[in-house]
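Chain and residue survey
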Amino acid sequence: MTVSVFNSVCPHDCPSTCALEVEIINNNRVGRIRGAKNDPYTAGVICEKVARYKERIHHPDRLLYPLKRAGNKGEGKWEKVSWEDALDEIAEKFLQIEKEFGAESIWPYNYAGTMGHVQRDNIQRLRNAKNYSNQYGTICSLIGWGGYVVGTGKLAGTNPLYMSKADLIIIWGTNAVNTQINLITHAMRAKKNGAKIIVIDIYATDTMKQADIGLIIRPGSDGALALATMHILLRDDLADRKYMAKYTDFDEDFAQHLADKTAKWAANITGLKEEQIEKFASLIGQNKKSYFRLGYGFTRQKNGYTNMHAALSIPAMIGAWQYEGGGAFHTNSDIWGLDKSIIEGDNLASKNVRSLDMCELGLILTGDKKALKNGPPVKAMLVQNTNPIVVNPEQGLVRKGLLRDDLFLVVHEQFMTETAQLADFVLPATMFLEHDDFYTRSGHSRIIYAKKLLNAPGEAKSNLFVINELAKRLNIVDKEYFSKNENEMIFATLKMLGDEKEQQIRKNSFLEYEDKSKINPFIDGFAWPDKKFRFKPIWADLLKKKKLQQNIDFAKMPKFADYFNINELADNEHPFRLATSPARSYLNSSFTETPTSQKREGEPSLLIHPEDARELNICDNDLVLIGNRRGEVILEAKIFAGLQRGILIAESLHPNIAHKKNKGINMLTSSAPIPPFGGAAFHDCAVWIRKYEE
Ligand SMILES: Nc1nc2c(c(=O)[nH]1)N[C@H]1C(S)=C(S)[C@@H](COP(=O)(O)OP(=O)(O)OC[C@H]3O[C@@H](n4cnc5c(=O)[nH]c(N)nc54)[C@H](O)[C@@H]3O)O[C@H]1N2
Ligand SMILES: Nc1nc2c(c(=O)[nH]1)N[C@H]1C(S)=C(S)[C@@H](COP(=O)(O)OP(=O)(O)OC[C@H]3O[C@@H](n4cnc5c(=O)[nH]c(N)nc54)[C@H](O)[C@@H]3O)O[C@H]1N2
Ligand code: SF4
Ligand SMILES: [Mo]
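Residues numbered from 1 in each chain as written. Chains lettered and ligands numbered in written order. Predicted model: local features only at pLDDT ≥ 70, side-chain atom pairs only at ≥ 80, totals over all residues. Heavy atoms only, no water.

Time to look at the overall build of the protein. For the protein, the helix and strand inventory stands at 24 helices and 25 strands. For the protein, whose C-alpha radius of gyration is 25 Å, the value lies close to the compact-globule estimate of 26 Å for 694 residues. Overall, the protein is about 75 × 65 × 55 Å in size when its C-alpha atoms are taken along their principal axes. Within the protein, buried positions represent 62% of all 694 residues. A separation threshold of at least 6 residues defines the contact pool for the protein, and within that pool the share at least 24 residues apart is 75%. Accessible surface computed for the protein: about 26,000 Å², of which carbon and sulfur atoms make up 47%. On the protein, the mean spot of the 90 positive side-chain charges and the mean spot of the 85 negative ones are 2 Å from each other. (Helix = DSSP H or I, 4+ residues; strand = E, 2+ residues; numbered from the N terminus. Rg over C-alpha atoms; globule rule 2.2 N^0.38 Å. Buried < 20%, exposed > 50% of the residue type's maximum accessible area, 1.4 Å probe, protein only. Contact = heavy atoms within 4.5 Å. Areas by Shrake-Rupley, 256 points an atom, 1.4 Å probe, with all protein chains shown as cover. Lys, Arg positive; Asp, Glu negative; His and termini not counted. Charge placed at Lys NZ, Arg CZ, Asp CG, Glu CD.)

As structure tokens, this is what we get:
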């Protein structure tokens, strides 16, 4: 037996983007996978899911051959076909649909199953070359981006490696033990150096167990906590007025706005005690070297944009950005400045093509005119890197749409997912160790290249292969880039960073991107023309930074950093509020196929407060039915005291078929685009609950 160890990168949709050491046994099997010790951010630590990747990559259910539907949609009858035949037939059908209904009736649809820039984003080149419908990417990070950038002007922050230098770390709305374990490594280093850790969530997570102080608040109430904190900072003269005068737009109007946002006011909204809020604020005021690690979780609320902005305003008020180890971090997605035109074919794009909101998939496929932008119906889709029937909101509509007989659905996948089961063609996809790609870290500052280490099983092919082969058959004039292989794409893109940088990546497989001369990107001011952080958000200015779809008159947005009271509040009919926080051993819908993850997660369950359970006569492990006007879901109740009354948590995402009646948690979530630029409020959902009787 020969065991060789190679460097690689975790491709999954996780801010950590861990650098890996992968054992390859006899050139054809994966052995152990470890976190790279010599990578400063990974620091030898990775999550259990990926450490056990051999279970996933050598899984007996991997898709190996192209399949064509042989029965009715979703019936599960397949005929094995050759790649040539599959590609020919798919292209022919796309051309026919284009002729009959127009190019926009075809929607190549993707998300982030792999975060590799080539394998994830090359599908955009196809959209651009063919004038197929574009995709407005709303399912994950847009809300956090908007809420952060409206304050700072740029999505960047204090390098997480500096966390160890902070005196106080506030982990806000991320359950890092589950979702990005490396954050805990660095927070624990800070703790060893004497820092205090505060965790803010809506239930007692495993991350909270690591904290000195845990604040369990009501969903969507973060803005109120942030405002009261700033009220106290001003009241007690703990704000840094000199810093604010130089580096923020702070003025008396904002001070006036905060004047009545007392701890008492916020206690009513958050469900915290006044003393907890006072203590939180005074700890922050006394520790100017505070590091605010702001997650995605608290942005998945109807008021998500404003929650992010309000929390981000606190470090600006205490001038935390002046100190090494102080400041804030959400992600680094604006630091790279990569020119991705080779991968995405920007030069081929036409301005007039519609861009469909991916969260509205259900509405789009069921013919909602507004969601279709008054354009043609969607008649064909090519799906890569995502499993919409499980992960998208309004699952009832998504299912109805995907089952349409007149929708030609092609799914390129590693497994026969629940989405693939509804396809006309299923194409087998490679996994990260079976293709080349490069990755940038949203949670850190390296570009990393990962080369192919294994041959793919059966006839599995990469995303790039599928796009290139389809392009050849779709009468595309610009052929040059549709014939490039992975490495040609990767290094042509990296070369645009300059020869020296490209050479460094070729030599070391990574490039450090951080500007080491600065302790954080905003040390000399923020990324607006006047260099000032904005407590008064100007949402319209974000339209200059990204292609965005505005869904509200900006005048209706709060004028200052604020608590925006628009959540899906409980009412008589829906007395509970549900959040779908991430499960540790599943990553969105991925890893739901691996036995150890299944074992750890067990049945889909619902955390409920003991007193709520008692009132409803619900006991531990009882089956319960929860619902709202969008649908109903069955889960197993778990009595849990670590949340406020009236709140329910369903750790997600279990496969739909793991639930009785095959209906998953996204039956209940809303696809209504949240203000001002859209996104799904996955953790903001009013429901009723009762014991389930068979
Ligand atoms: N194991 C695992 N890892 C993952 C994922 C996964 O599904 N499973 N998903 C990956 C992806 S795609 C992403 S984007 C990241 C997301 O990672 P995170 O940034 O951690 O975001 P979320 O998963 O949305 O939720 C994080 C926490 O926010 C809490 N939360 C919900 N609503 C509120 C609120 O109103 N206020 C506050 N303070 N907290 C709230 C939830 O209870 C949850 O504990 O993780 C990635 N990593
Ligand atoms: N209720 C609820 N729903 C949620 C969330 C939540 O917190 N609560 N989180 C949301 C978030 S943050 C996100 S990002 C979305 C994520 O939703 P998805 O992007 O759908 O999530 P993944 O499970 O990461 O899905 C990826 C699929 O891509 C496939 N895949 C992986 N690599 C490749 C590849 O190289 N080629 C091809 N062709 N396929 C590949 C995997 O097998 C998997 O089936 O889900 C969202 N849905
Ligand atoms: S923590 Fe995230 S990036 Fe690291 S190995 Fe696990 S899933 Fe991958
Ligand atoms: Mo995500």
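The next thing to look at is the site of ligand 1. Near ligand 1 lie 32 residues; those nearest to it are Asp201, Gly220, Asp222, Ser581 and Tyr586. Note that an oxygen atom of ligand 1 is positioned 2.7 Å from one of the backbone N or O atoms of glycine 220. For ligand 1, whose unbound accessible area comes to 900 Å², protein coverage reaches 97%. Only helix 7 (176-179) and strand 9 (196-201) provide two or more residues apiece to the shell around ligand 1. Along the lines of polarity and charge, the residues of the shell around ligand 1 split into 13 nonpolar, 13 polar and six charged. (Near = heavy atom within 4 Å. Polar contact = N/O pair within 3.5 Å; in protein donor to acceptor, adjacent residues only side chain to side chain. Nonpolar A, V, L, I, M, F, W, Y, C, P; charged D, E, K, R; others polar.)

Enumeration over the complete set of coordinates arrives at two cavities of 30 Å³ or more. In terms of lining residues, the largest cavity is bounded by 16 residues, among which Cys10, Cys14, Ser16, Cys18 and Cys47 are the most central. When residues of the lining of the largest cavity are traced back to their parent elements, those giving at least two are helix 1 (48-51) and helix 7. Considering only residue class, the lining of the largest cavity consists of eight nonpolar, seven polar and one charged. There are two domains that each give the lining of the largest cavity at least three residues, and those are domain 1 (3-57) and domain 3 (143-330 + 519-556). In this structure, the second largest cavity occupies an estimated 30 Å³ of space. Together, Pro604, Leu635, Ala650, Glu651, Ser652, His654, His659 and Ile665 line the second largest cavity. Of the residues assigned to the lining of the second largest cavity, the class counts are four nonpolar, three polar and one charged. (1 Å grid on protein atoms, 1.4 Å probe; cavity = no way out; pocket = protein on both sides within 12 Å on 5 of 7 lines; lining within 4 Å. Points joined across faces, edges and corners; volume = space filled by probe spheres on them. Domains from an automatic or database assignment.)

Among the five residues in strand 6 (residues 106-110), five count as buried, and that is most of the element. On strand 6, burial covers both faces: Ile106, Pro108 and Asn110 on one face and Trp107 and Tyr109 on the other are all buried. Bridging between strand 6 and strand 14 (residues 380-384) involves five bridges; their strand directions are parallel. Its bridge partner being in strand 14, tyrosine 109 is matched across the sheet by valine 383. (Pairing = 2+ DSSP bridges.)

Below, the discussion takes up the site of ligand 3. Around ligand 3, a shell composed of Cys10, Cys14, Ser16, Thr17, Cys18, Ile46, Cys47, Val50, Ile181 and Leu587 is seen. Of the pockets mapped on this structure, ligand 3 occupies the largest cavity. Of the residues in the shell around ligand 3, the class split is eight nonpolar, two polar and no charged. (Sits in = over half its atoms within 2 Å of the grid points.)

For the rest of this paragraph, the subject is the packing of helix 10 (residues 222-235) against helix 13 (residues 263-270). Running from amino to carboxyl end, helix 10 crosses helix 13 at an angle of 165 degrees, the nearest separation of the two axes being 9 Å. The angle between helix 10 and helix 13 places the two elements in the roughly antiparallel class. Like other packed secondary-structure pairs, helix 10 and helix 13 cross with a definite hand, here left-handed. On helix 13, the residues touching Ala224, Leu225, Leu227, Ala228 and Ile232 of helix 10 are Ala263, Trp265, Ala266, Ile269 and Thr270. Looking at the contact of helix 10 with helix 13, its residues break down into nine nonpolar, one polar and no charged. (Axes fitted to C-alpha atoms, helices over the stretch in contact; angles between N-to-C directions. Parallel < 35°, antiparallel > 145°, perpendicular 65-115°, else oblique. Left-handed = near helix turned anticlockwise from the far one by under 90°.)

Another aspect to go through is the packing of aromatic side chains. The geometry of an aromatic ring pair is captured by two quantities: the separation of the ring centres and the angle between the planes. In the structure shown here, the tally under the stated rule is 27 aromatic pairs. An aromatic cluster is present here, built from Phe250, Phe254, Trp321, Phe522, Phe526, Phe533, Phe535 and Phe560 joined pairwise through their rings. Stacked on the ring of tryptophan 528, the Lys or Arg lysine 545 has its end atom at 4.7 Å from the ring centre. (Phe/Tyr/Trp six-rings, centres within 6.5 Å; stacked < 30°, edge-to-face > 60°. Lys NZ or Arg CZ within 6 Å of the ring centre and 35° of its normal.)

On the basis of which strands lie adjacent, the closed barrel formed by six strands has the order 20-24-21-23-22-25 and mixed pairing. Here the average twist between neighbouring strands, direction ignored, is 45 degrees.

Along helix 13, the residues classified as buried are Ala263, Ala266, Ala267, Ile269 and Thr270. Along the long axis of helix 13, the arc covered by the buried residues comes to 170 degrees, so they all point the same way. The exposed residues of helix 13 that point more than 90 degrees off its buried face are Lys264 and Asn268. Packing partners of the buried residues in helix 13 comprise helix 10 and helix 14 (274-286). Glycine 271, located one to two residues past helix 13, shows a positive phi value of around 80 degrees. (Arc of directions from axis to C-beta.)

Take the domain arrangement of the protein next. Note on interface size: it is often stated as the accessible area lost on association of the parts. Entries for the protein in the domain assignment read domain 1 (3-57), domain 2 (67-137 + 340-497), domain 3 (143-330 + 519-556) and domain 4 (576-691). Distance between the C-alpha centres of domain 1 and domain 2: 27 Å. Taken together, the contacts link 27 residues of domain 1 with 24 residues of domain 2. Across the domain 1/domain 2 interface, buried area totals approximately 2,000 Å², and carbon plus sulfur atoms make up 65% of it. Summed over the shared surface of domain 1 and domain 2, the result is two salt bridges. Across the pair arginine 441 and aspartate 39 runs a salt bridge whose closest N-O atoms are separated by 3.2 Å. At the junction of domain 1 and domain 2, the tally comes to seven residue pairs in polar contact (both at pLDDT 80 or more). Only strand 1 (3-9), strand 2 (19-25), strand 3 (29-35) and helix 2 (53-57) provide two or more residues apiece to the side of domain 1 that touches domain 2. Partitioning the side of domain 1 that touches domain 2 into residue classes produces 15 nonpolar, eight polar and four charged. (Buried area = accessible area lost by both parts, 1.4 Å probe. Salt bridge = Lys/Arg side-chain N within 4 Å of Asp/Glu carboxyl O.)

In this structure, Trp172, Leu294 and Met317 are the most contacted members of the largest nonpolar core, which totals 85 residues. When we break this core down by domain, the ones giving at least three residues each are domain 3 (143-330 + 519-556) and domain 4 (576-691). If sequence neighbours within four positions are ignored, methionine 317 has contacts with Met230, Leu233, Leu234, Ala239, Asp240, Met244, Phe250, Phe254, Leu258 and Phe535. In this structure, Leu372, Met381, Ala613 and Phe682 belong to the second largest nonpolar core, which totals 52 residues. (Core = buried A, V, L, I, M, F, W, Y, C linked by side-chain atoms within 4.5 Å.)

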